[in-house]
Number of protein chains: 2
Amino acid sequence: MVQEEIRRNNVGTLLRHVHLGGSVSRTALSERMRLNRSTIMALIAELTRAGLVREELPQGTGRAGRPSLVVRPESGRAYVLAFDVAVDRLVAARVALGGIVLDRREAVRPRAGADLDRVVEVLAEFGRRLHGEAPPDALCVGVGASYCGMIRPGDGMVRFGPDLGWVDQAFGAELGRRLGLGLPVSVGNEAHLGALAEQQRGAGANFQNLIYLHGDVGVGGGIIVGGKLLDGDSGYGCELGHMVVNPYDGRPCGCGSHGCLEAEVGERALLDAAGRPAELFGRDAVRAVADDADRGDPAAQEALHRIGDWLGIGVANLCNLFNPGMVIFGGTLREIYPGMAAQVRARIAANALPVARERVRLRTSALGYDATLAGAAELGFSGLLADPLGVLARTAPCSARR
Amino acid sequence: MVQEEIRRNNVGTLLRHVHLGGSVSRTALSERMRLNRSTIMALIAELTRAGLVREELPQGTGRAGRPSLVVRPESGRAYVLAFDVAVDRLVAARVALGGIVLDRREAVRPRAGADLDRVVEVLAEFGRRLHGEAPPDALCVGVGASYCGMIRPGDGMVRFGPDLGWVDQAFGAELGRRLGLGLPVSVGNEAHLGALAEQQRGAGANFQNLIYLHGDVGVGGGIIVGGKLLDGDSGYGCELGHMVVNPYDGRPCGCGSHGCLEAEVGERALLDAAGRPAELFGRDAVRAVADDADRGDPAAQEALHRIGDWLGIGVANLCNLFNPGMVIFGGTLREIYPGMAAQVRARIAANALPVARERVRLRTSALGYDATLAGAAELGFSGLLADPLGVLARTAPCSARR
């Protein structure tokens, strides 16, 4: 019984290494898992028989002699469906082990509200199609979704979705029902998932303490403390966008407060500062300000500097509180951060304690707008990685479910 | 070998339960440690032989029949020396298992600077006396110290002690050398240790996510995330006192910045707001403002309200970031919090997201000014609790060291 648990755990851990590493040698697996070579080979053999990994020669080693084999994830057997409800679009993807996006569907979504029913209808339709087009022997092993709002841990209930005006909407349950795959849907907040994805596959690989800021209409946050996402007492921590930075002169915030970080550095604040008309909004409008600043437009540059000053105060506060190894700017902040990096750095130098900031690295997201989708895919894979062979044994092939 | 490690771990875990619980029944130990009764009894017997615990009848059960025995820590055998370098005093204590202060020495320390040499001289003298007066068969099993500044993890180096003007001073090493007990000194930041002590023995017992704010000249912080102290990438997180809350109109802060939480709610801010002369400072002066406000003095009440508003902004930000189960006000904040609780609560209601604040409890410190000393004692006990019998075997009795 205990032996069986240890073996299951080892199989899962090995698959996780291969899934996240993309290509790992037997020797590296042996070292990381502290298991001897014959045990590692037995685990690889099990996963190979299950169709989840394959061994092959490393590409382009160019060394003399026989190179040692590397283990790679097999992308044809197991996949997850990943969904992303962002402020301006709905995305669905079929994602293989190794985080490879095999296929995707995307729809623009109107800014002005959309009810649960409509959003779920679009996503479920995408999901069923992606599933229907998978090879007959492929197995859908999980479903994950990213949502731009506060999600109750456990059941995927949207507690508060400021953008769509959702309060207590059973998004995860409803999407699961409409997909009709008999699989539960794991839902996470977009910035939380973006942070995990950047740590697992992006700019923050191997950082145990990092902060991810996700810009869209507002600013979301995912904070990794000691290798784990900070969740707080009931799963609603990390709301760095609602840190008050401008208490007495602040812009109104969608949350009902004033002077929140997201009110001062969010999309509207930037577009207003750049003198853009109220009808303009969205990623393209934000990128246009960044592009204009790049081309030397003084109004756009001044807008970035002003917003960068507020962002810098927020990041300085986060350095003092979290002493992070890295701060990552994602979503639309990835577009505008380069034009405001000097202000952000100046504020950190002025407002964060030297010991709390001396080693911090500031980076833009490596995964770009797909960070949230990648995080959703990881949610979907979590069951398989906990017990690969058990999950495969319990999963019917796609052909049997159509 | 593995068996031996498991046994050592079990002995330590049982001692920790008794040390923190004060009095624990065999049944409770069996349940908490998931071990059967005979294993628990064997572990208790080992610790009893070592003189670290004793079994006795529970006090005042008043029930008929034979009550079951409880296990208590034995206070005569093992003790630690705990030191506290606070902004206005130096404290040393001999502390027994169970956190019982057996003996203590305390000296007022002048506000205006003191060099490492002088501080260590006073503490080492206290320590040697406390040690010299211990019973001959008692064992000093560790030394812990709390310091009002930023401490490098590992070696007790004071990286930054704003109050004494210390930068990179080898406090832990020097205190260890002067004590001459052949024991290393574990040093921690006072607010970090206060947070751990409140979680282990105070207001926050059993809370896995809590924030401790420690007021003295400034405001220090200890933040527990998922049961562990947030340390950050290099051990310098939790500096909530330097979160900027008033960026453009803020008071100057000792750190060189402006508008930090501690600049707005620290001792000087309060005393200035209450119109107290610049010569007044310290705990008594702060308490006098709280007392005056209690007696209905409008200027003192107004000062508390104003400071409470800033404190509330800071706590609202912390709720959004950490979604804590509890926020604890310690040090001088314990004196003044009751008079500003309404402002703090109003700010939290206005500036923290409902889901992030709906379950948070606000409390004053249960351990009072001794929270930091209690935390230092726990640092001292950490070695013993990891391997009780091993540490005892390696420790010479006090009589042999005098």
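Everything below is about the structure shown above.
Model, not experiment: these values are computed from the prediction. (Residues numbered from 1 in each chain as written. Chains lettered and ligands numbered in written order. Predicted model: local features only at pLDDT ≥ 70, side-chain atom pairs only at ≥ 80, totals over all residues. Heavy atoms only, no water.)

What follows covers the sheet that holds strand S14 (residues 228-229) of chain B. Residues and elements named next belong to chain B. Read across the sheet, five strands follow the order S14-S13-S12-S15-S16 without closing on themselves; strand pairing throughout is mixed. Of all the strands in the sheet, just S14 and strand S16 (361-364) have a single pairing partner and so form its edges. In terms of strand pairing, strand S15 (residues 326-331) meets S16 through four bridges, oriented parallel. By the bridge assignment, Phe329 is partnered in S16 with Thr364. The strands touched by helix H11 (residues 333-351) within the sheet are strand S12 (210-215), strand S13 (219-225), S15 and S16, with S15 carrying the most contacts at an inclination of about 145 degrees. (Pairing = 2+ DSSP bridges. Helix = DSSP H or I, 4+ residues; strand = E, 2+ residues; numbered from the N terminus. Contact = heavy atoms within 4.5 Å. Axes fitted to C-alpha atoms, helices over the stretch in contact; angles between N-to-C directions.)

Turning our eyes to something else, we now look at the side chain of Glu378 of chain A. Residue and element names in this part refer to chain A. One can find Glu378 in helix H13 (residues 371-386). The class of Glu378 is buried, set by a relative accessible area of 12%. In contact with Glu378, other than residues within four places in its own chain, are His19, Leu20, Gln200 and Arg201. (Buried < 20%, exposed > 50% of the residue type's maximum accessible area, 1.4 Å probe, protein only.)

Turning our eyes to something else, we now look at the packing of aromatic side chains. For the structure on display, the rule yields seven aromatic pairs over all chains. Measuring from centroid to centroid gives 4.1 Å for Phe329 of chain A and Tyr337 of chain A, while their planes differ by 10 degrees, and the two rings are stacked. Its guanidinium or amino end placed over the ring of Tyr79 of chain B, Arg94 of chain B lies 5.0 Å from that ring's centre, counting from NZ or CZ. Stacked on the ring of Tyr369 of chain B, the Lys or Arg Arg283 of chain B has its end atom at 3.7 Å from the ring centre. (Phe/Tyr/Trp six-rings, centres within 6.5 Å; stacked < 30°, edge-to-face > 60°. Lys NZ or Arg CZ within 6 Å of the ring centre and 35° of its normal.)

This paragraph deals with the side chain of Asp88 of chain B. Residue and element names in this part refer to chain B. Mapped onto the elements of the fold, Asp88 is located in the loop between strand S4 (78-85) and strand S5 (89-96). For Asp88, a relative accessible area of 12% puts it in the buried group. Among the polar contacts listed, one links the side chain of Asp88 to the side chain of Arg89, at a separation of 3.1 Å. For Asp88, the residues in contact, after removing those within four places along its chain, are Ala107, Val108, Arg109 and Arg283. (Polar contact = N/O pair within 3.5 Å; in protein donor to acceptor, adjacent residues only side chain to side chain.)

So, about the nonpolar core. Membership of the largest hydrophobic core comes to 96 residues, with the highest contact counts inside it found for Leu213, Phe322 and Phe329 of chain A together with Leu213, Phe322 and Phe329 of chain B. Setting aside residues no more than four positions away along its own chain, Phe329 of chain A makes contact with Leu213, Leu311, Val315, Arg334, Tyr337, Val344, Leu362, Arg363, Thr364 and Ser365 of chain A. (Core = buried A, V, L, I, M, F, W, Y, C linked by side-chain atoms within 4.5 Å.)

Here we come to the relation of the copies chain A and chain B. Each copy superposes on the other: chain A lies on chain B with an RMSD of 0.0 Å after a rotation of 180 degrees and an axial shift of 0.0 Å. One copy is carried onto the other by what is essentially a two-fold rotation axis. Closest to the rotation axis within chain A is the C-alpha of Val245 of chain A, separated from it by 2.9 Å. Interface overlap between copies is the fraction of interface residues in one copy that are interface residues in the other; for chain A against chain B it reaches 100%, indicating a shared surface. (Least-squares fit on C-alpha atoms with pLDDT ≥ 70 in both.)

The next subject is the layout of surface pockets. Considering only enclosed or pocket space, the largest pocket measures out at about 790 Å³ in volume. Considering the residues around the largest pocket, the lining is formed by 33 residues, among which Leu196, Lys228, Leu229, Leu230 and Asp231 of chain A are closest to the centre. When residues of the lining of the largest pocket are traced back to their parent elements, those giving at least two are strand S11 (185-189), helix H6 (190-201) and strand S14 (228-229) of chain A together with S14 of chain B. Its residues placed into classes, the lining of the largest pocket shows 13 nonpolar, 14 polar and six charged. (1 Å grid on protein atoms, 1.4 Å probe; cavity = no way out; pocket = protein on both sides within 12 Å on 5 of 7 lines; lining within 4 Å. Points joined across faces, edges and corners; volume = space filled by probe spheres on them. Nonpolar A, V, L, I, M, F, W, Y, C, P; charged D, E, K, R; others polar.)

Turning next to the sheet that holds strand S3 (residues 70-73) of chain A. Working definition: the strands of a sheet are paired by backbone hydrogen bonds and lie parallel or antiparallel to each other. Residue and element names in this part refer to chain A. Taken in spatial order, the three strands of this open sheet run S1-S3-S2, and their pairing is antiparallel. Strands with a single pairing partner mark the edges of an open sheet, and in this sheet they are strand S1 (24-25) and strand S2 (53-56). Direction of pairing for S1 relative to S3: antiparallel, over a ladder of two bridges. Paired with Val24 across the bridge in S3 is Val71.

Residue and element names in this part refer to chain A. Taken N-terminus to C-terminus, the directions of helix H2 (residues 26-33) and helix H3 (residues 37-49) make an angle of 110 degrees; their axes are 9 Å apart at the nearest point. Here H2 lies roughly perpendicular to H3, going by the angle between them. Pair H2 / H3 crosses with right-handed handedness. Across the interface between the two elements, Arg26, Thr27, Leu29, Ser30 and Met33 from H2 touch Arg37, Ile40, Met41, Leu43 and Ile44 from H3. For the contact of H2 with H3, the residue count by class is six nonpolar, two polar and two charged. (Parallel < 35°, antiparallel > 145°, perpendicular 65-115°, else oblique. Left-handed = near helix turned anticlockwise from the far one by under 90°.)

Residues and elements named next belong to chain A. For Cys238, which is not glycine, the phi dihedral falls at a positive 70 degrees. For Cys238, the position within the fold is in the loop between S14 and helix H7 (261-265). Judged by its relative accessible area of 0%, Cys238 falls in the buried class. Look at Asn323: it is not a glycine, yet its phi comes out positive at around 45 degrees. As for its position among the elements, Asn323 is in the loop between helix H10 (298-322) and strand S15 (326-331). Residue class for Asn323 comes out buried when judged on its relative accessible area of 3%.

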